[in-house]
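Given next are the chains, with one letter for each unit.
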Amino acid sequence: HAKNSGRNTYKIFKSGMNELIEKRRALEIDMDAALARGEFELFLQPRVSAVTAKIHSYEALLRWNHPQRGLVSPVDFVAVAEVSGKIIALGEWVIEEACRILAGTEVERLSINVSPLQFRHSDFQHRLGEIVRASGVDPRRIELEITESVLIDDDRRALQILKELKAVGFTIALDDFGTGYSSLSYLSRYPFDAIKIDRSFVSNLGLDESAAVIVNTIIDLGERLGIKVVAEGVETIEQALFLARAGCDELQGYLLGKPVALDERVRTIPASVAVVLTGSSGRTLIE
Ligand code: C2E
Ligand code: MG
Ligand code: MG
Ligand code: MG
């Protein structure tokens, strides 16, 4: 019995692996044509002040409108694009498209995700500067979201690049904070404007006591270091209220608004949520 189920598990595992490899290979081939055919799109998700309930900016989240597969998530293709090197062209398209949105619509601020490989590429800073300058958009309207893995390999170079980007006016956010190789020294060593508390901690609020401790500690750290704290993945009113009372600066998540196409972007958050947020003016309640 055990032997049989073991073999079946292996078979399932093996065919699962093959399927994954096939799928990735297919995606990789498609990606070249997809860029040329204009199948990529930036969805916008609002980032909301926990104090005023106003939309501060939007995060640009990449989507692929695949002719056969439908809407493909970046979870499925960003890693593929990194391995194949396509992430460089894709990343440049994201910067161009973000600039088009900032130049041509009422959107005031956008944050864009920069993959570790894209950030480390020798031409990144140069191309970013070129594209933004050509668009005429003020870099202060653009926030770059990077993850901790960017800082690990060559942290002196990363520090230098971040300082130069900041000097031109870009703001920098540390995405998915608390996962991966989080080190507290990053926060004082690098010039971050914002830290984004990873969704996993937010979704565990109310379920796991340590999540509340971790969230409070990150908010406290941000406050002491003068870095804005943003919570991602806020889905319930209880989470929003907890975060607002704890002094979190901004909230992002399905409760406030889902990522959707530019034209359908969320312009005001649900009134019921706004009432709760503005009625709980953060730390003043506690102090
Ligand atoms: P991320 O930057 O941490 O983005 C947050 C992810 O959480 C997004 O997934 C967003 O749709 C999702 N999300 C937001 N609010 C909620 C919520 O309340 N509940 C849940 N369950 N999820 C929520 P998405 O759009 O699938 O993107 C996944 C990841 O792909 C992003 O994580 C980012 O690392 C990467 N990505 C997205 N766009 C780009 C891009 O333009 N360039 C690069 N290099 N990576 C990108
Ligand atoms: Mg992000
Ligand atoms: Mg994130
Ligand atoms: Mg995340």
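As annotated in an unreviewed UniProt entry, the protein carries the name Ammonium transporter and is attributed to Rhizobium terricola.

Chemist: How should the overall build of the protein be read in this particular structure?
Modeler: From N to C terminus, the protein includes 13 helices and ten strands. Its C-alpha atoms give the protein a radius of gyration of 20 Å, near enough to 19 Å, the size a compact globule of 287 residues would have. Across its three principal axes, the protein shows a C-alpha extent of roughly 60 × 60 × 40 Å. Here the protein holds 287 residues, and the buried ones make up 44% of them. Partitioning the intrachain contacts of the protein with sequence separation of at least 6 by distance along the chain shows that 67% fall at a separation of at least 24. Element-wise, carbon and sulfur atoms account for 53% of the exposed surface of the protein, whose accessible area totals about 14700 Å². Separation of charge centres in the protein, based on 34 positive and 41 negative side chains, amounts to 3 Å.

Chemist: Teacher, can you tell me more about the coordination of the magnesium ion (ligand 2) here?
Modeler: Ideal coordination angles are 109.5 degrees for a metal with four donors arranged tetrahedrally and 90 or 180 degrees for a metal with six donors arranged octahedrally. Those donors, E59 (OE), N113 (OD1), E145 (OE) and D175 (OD), are the protein atoms that reach the magnesium ion (ligand 2), and they lie 2.0 to 2.3 Å from it. Taken as a pair, the magnesium ion (ligand 2) and the magnesium ion (ligand 3) lie 3.8 Å from each other and share D175 as a ligand. With E145 in strand β5 (residues 142-146) and D175 in strand β6 (residues 171-177), the pair connects residues that are 30 residues apart, well separated along the chain.

Chemist: I'm lost on the coordination of the magnesium ion (ligand 3) in this one. Help?
Modeler: Within the protein, the magnesium ion (ligand 3) binds to D175 (OD), D176 (OD), E232 (OE) and E232 (OE); these donor distances fall in the range 2.1 to 2.6 Å. Taken in chain order, the donor set of the magnesium ion (ligand 3) reads D-D-x55-E. Residue D175 is classed as buried on the basis of its relative accessible area of 7%. The class of E232 is buried, set by a relative accessible area of 12%.

Chemist: Looking at this structure, I do not really get the nonpolar core. What am I missing?
Modeler: Buried together is how nonpolar side chains tend to be arranged in soluble globular proteins. Formed by 81 residues in total, the largest nonpolar core has its most connected members in F119, L151, L243 and L251. The greatest single-element share of this core, amounting to ten residues, is contributed by helix α3 (residues 87-104). Residues in contact with L151, not counting those within four places in the same chain, are I146, A158, L162, L174, Y186, Y190 and F192.

Chemist: Is there a simple way to explain the packing of helix α10 (residues 209-225) against helix α11 (residues 237-246) in this structure?
Modeler: At a minimum axis separation of 10 Å, α10 and α11 run at an interaxial angle of 40 degrees. Classed by the angle they form, the pair α10 and α11 counts as oblique. The two elements α10 and α11 meet at a crossing, and its hand is right-handed. Between α10, through A212, V215, N216 and I219, and α11, the contact on the second element is made entirely by F242, L243 and A246. Looking at the contact of α10 with α11 residue by residue, the class counts come to six nonpolar, one polar and no charged.

Chemist: Sorry if this is basic, but what is going on with the environment of A53 here?
Modeler: Position of A53 relative to the elements: it lies in the loop between β1 (40-49) and β2 (55-66). Take A53: its relative accessible area is 11%, and that puts it in the buried class. Discounting chain neighbours no more than four positions away, the residues touching A53 are V48, I269, A274, L277 and T278.

Chemist: Honestly, empty space enclosed by the protein in this entry has me stumped. Any pointers?
Modeler: Take a probe with the size of a water molecule and roll it over the atoms, and the empty space left behind shows itself. Going through the model one piece at a time under the given rule, you end up with one cavity of 30 Å³ or more. Here the largest cavity defines a volume of roughly 70 Å³. Lining the largest cavity, in full, are I88, E92, I95, Q118, H121, D123, F124, R127 and L128. Only α3 and α5 (124-135) provide two or more residues apiece to the lining of the largest cavity. Of the residues that constitute the lining of the largest cavity, the class distribution is four nonpolar, two polar and three charged.

Chemist: It is not clear to me how the confidence of the model for the protein should be interpreted in this structure. Could you clarify?
Modeler: Interpretation of the predicted coordinates at a detailed level should be avoided for regions scoring low in pLDDT. For the protein, per-residue confidence averages 90 on the pLDDT scale, and 92% of positions sit at 70 or higher. pLDDT under 50 marks residues 283-287. Its contacts with residues more than four places away, or in other chains, come to nine contacts. Among the scores for the predicted complex, ipTM is 0.98 and pTM is 0.91.

Chemist: Sorry if this is basic, but what is going on with the layout of surface pockets here?
Modeler: Estimated volume of the largest pocket: approximately 1100 Å³. In terms of lining, the second largest pocket is formed by 14 residues, of which the most central are I55, H56, Y58, E108 and R267. Across the lining of the second largest pocket, the residue classes tally to five nonpolar, three polar and six charged.

Chemist: Sorry, what's going on with the side chain of D198 here?
Modeler: Its location among the elements puts D198 in the loop between β7 (194-197) and α9 (199-203). A polar atom in the side chain of D198 sits 2.8 Å from the side chain of S200. The residues touching D198, leaving out its near neighbours within four places in the chain, are D176, F177, T179 and E232.

What counts, and where the lines are drawn
Residues numbered from 1 in each chain as written. Chains lettered and ligands numbered in written order. Predicted model: local features only at pLDDT ≥ 70, side-chain atom pairs only at ≥ 80, totals over all residues. Heavy atoms only, no water. Helix = DSSP H or I, 4+ residues; strand = E, 2+ residues; numbered from the N terminus. Rg over C-alpha atoms; globule rule 2.2 N^0.38 Å. Buried < 20%, exposed > 50% of the residue type's maximum accessible area, 1.4 Å probe, protein only. Contact = heavy atoms within 4.5 Å. Areas by Shrake-Rupley, 256 points an atom, 1.4 Å probe, with all protein chains shown as cover. Lys, Arg positive; Asp, Glu negative; His and termini not counted. Charge placed at Lys NZ, Arg CZ, Asp CG, Glu CD. Donors = N, O, S within 2.8 Å, 3.2 Å for Na, K, Ca; no water. Core = buried A, V, L, I, M, F, W, Y, C linked by side-chain atoms within 4.5 Å. Axes fitted to C-alpha atoms, helices over the stretch in contact; angles between N-to-C directions. Parallel < 35°, antiparallel > 145°, perpendicular 65-115°, else oblique. Left-handed = near helix turned anticlockwise from the far one by under 90°. Nonpolar A, V, L, I, M, F, W, Y, C, P; charged D, E, K, R; others polar. 1 Å grid on protein atoms, 1.4 Å probe; cavity = no way out; pocket = protein on both sides within 12 Å on 5 of 7 lines; lining within 4 Å. Points joined across faces, edges and corners; volume = space filled by probe spheres on them. pLDDT = per-residue confidence, 0-100. Polar contact = N/O pair within 3.5 Å; in protein donor to acceptor, adjacent residues only side chain to side chain.

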